[in-house]
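Coordinate analysis (summary)
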Amino acid sequence: MTDAASNGPDNLDEPTTGITEALSRVAPRLREIRQARGMTLNDVAEETSLSVSTLSRLESGGRRPSLDVLLPLARCYRVPLDDLVGAPSTGDPRIHPKPVKRGDRVYLALSRATDGMQAFKVLVAPQKPSDRDKPVTLRVHEGTEWCYVLAGRLRLQLDDDVTILEPGEAAEFDTTRPHSMTNDGETTLEILSLFSRQAERSHIHETG
């Protein structure tokens, strides 16, 4: 009789309590990840199509998080959904990158870190013949970048200096220098890149 009572309705509250505790950790986690990414609420709103007021209430705990808001945030921050709700690690160390397409290139995140340098594999399509003679646009932004060519030919321009990198070659540079990285070959360019937080934002969040 005692055992039956202990497994009765009183214990039905335990799962609910666990869910409530997990959801209570979402608000500070969302703020922590956004700030580590160097993004403002406006930046996230533009990336996710969620309103600034919704994002603000999520981070303050004024709105209960749901899948329809957590999924676009997970995509924006490029983290597993479990990371947003602070779920315990499954013990699987593998990374499952989700491609992000920006213009002529595709980015695949190879690290889970929310701060410091971020690792990516970048695929850059060959230039169209009609684009080969067009002037290259040089970009400037805060940060540092390192790259390693896996396949293809990389044309790296820093100010007026142009360097062609072949497979197996690497380069590192300060992104406050005017620069461009383009495909100089006939096949897809594949590179490994490490972006600082500021450089990552320029590549992933501000490139159309």
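In short, a report on the structure. (Residues numbered from 1 in each chain as written. Predicted model: local features only at pLDDT ≥ 70, side-chain atom pairs only at ≥ 80, totals over all residues. Heavy atoms only, no water.)

**Describing empty space enclosed by the protein**
Keep this limit in mind: Buried and open spaces are told apart on a 1 Å grid over the protein atoms alone, a cavity being a set of points where a 1.4 Å probe fits but cannot get out and a pocket being an open set with protein on both sides within 12 Å along at least five of seven lines. Residues with an atom within 4 Å of a point are the lining residues. Grid points are joined across faces, edges and corners, and a volume is the space filled by probe spheres set on the points. Numbering of helices and strands starts at the N terminus; helices are DSSP runs of H or I of at least 4 residues and strands are runs of E of at least 2. For this classification, Asp, Glu, Lys and Arg are treated as charged, while Ala, Val, Leu, Ile, Met, Phe, Trp, Tyr, Cys and Pro are nonpolar and the rest, including Gly, are polar.
Taken as a whole and judged by the stated rule, the model has 2 cavities of 30 Å³ or more. Quantified by volume, the largest cavity comes out at close to 50 Å³. What lines the largest cavity is Leu30, Arg34, Leu41, Val44, Leu55, Leu58, Glu59, Leu73 and Tyr77. Secondary-structure elements contributing two or more residues to the lining of the largest cavity are α3 (26–37), α4 (41–48), α5 (52–60) and α6 (67–77). No other element matches α5, which puts 3 residues into the lining of the largest cavity. Residues belonging to the lining of the largest cavity are distributed by class as follows: 7 nonpolar, no polar and 2 charged. Taken as a whole, the second largest cavity encloses approximately 30 Å³ of empty space. Around the second largest cavity sit Arg105, Tyr107, Val122, Glu145, Met181, Ile191, Ser193, Phe195 and His203, which together line it.

**A few points about unusual backbone geometry**
Rules: The cut-offs for exposure are 20% and 50% of the maximum accessible area for each residue type, with area from a 1.4 Å probe on protein chains only; residues under the lower value are buried, those over the upper are exposed, and the others partly exposed.
Backbone geometry at Ser49 places phi at a positive 70 degrees, although glycine is not the residue there. Along the chain, Ser49 turns up in the loop between α4 and α5. Here the phi dihedral of Asp159 falls at roughly 55 degrees; this positive angle occurs in a residue that is not glycine. Position of Asp159 among the secondary structure elements: in the loop between β5 (154–158) and β6 (161–165). We classify Asp159 as partly exposed; its relative accessible area is 30%.

**Structural notes on the sheet that holds β5**
Operational definition: Two strands are said to pair when DSSP picks up at least two bridges between them. Comment: axis = line fitted to C-alpha atoms, over the contacting stretch for helices; angle = value between 0 and 180 degrees taken between N-to-C directions.
If you walk across this open sheet you meet the 3 strands as β6-β5-β8, and the pairing is antiparallel. The two strands at the open ends of the sheet, each matched to only one other strand, are β6 and β8 (179–183). The average angle at which neighbouring strand axes cross in this sheet is 20 degrees, direction not considered. Relative to β6, β5 runs antiparallel, the two being bridged by 5 bridges. Residue Gln157 lies in a different strand from β6, and its bridge partner there is Val162.

**A closer look at the packing of α3 against α6**
The cut-off we apply is this: Any angle that is under 35 degrees is reported as roughly parallel, and any over 145 degrees as roughly antiparallel; angles of 65 to 115 degrees are reported as roughly perpendicular and all others as oblique. Here is the rule for handedness: rotate from the far helix to the near one, and if that takes an anticlockwise turn smaller than a right angle the crossing is left-handed, while a clockwise turn gives right-handed. Any two residues having at least one pair of non-hydrogen atoms within 4.5 Å are treated as being in contact.
It is at 11 Å that the axes of α3 and α6 come closest, and there the two elements cross at 30 degrees. In terms of orientation, α3 and α6 fall into the roughly parallel class. The handedness of the crossing between α3 and α6 is left-handed. Of the residues in α6, those touching α3 at Val26, Leu30, Ile33, Arg34 and Arg37 are Leu70, Leu73 and Tyr77.

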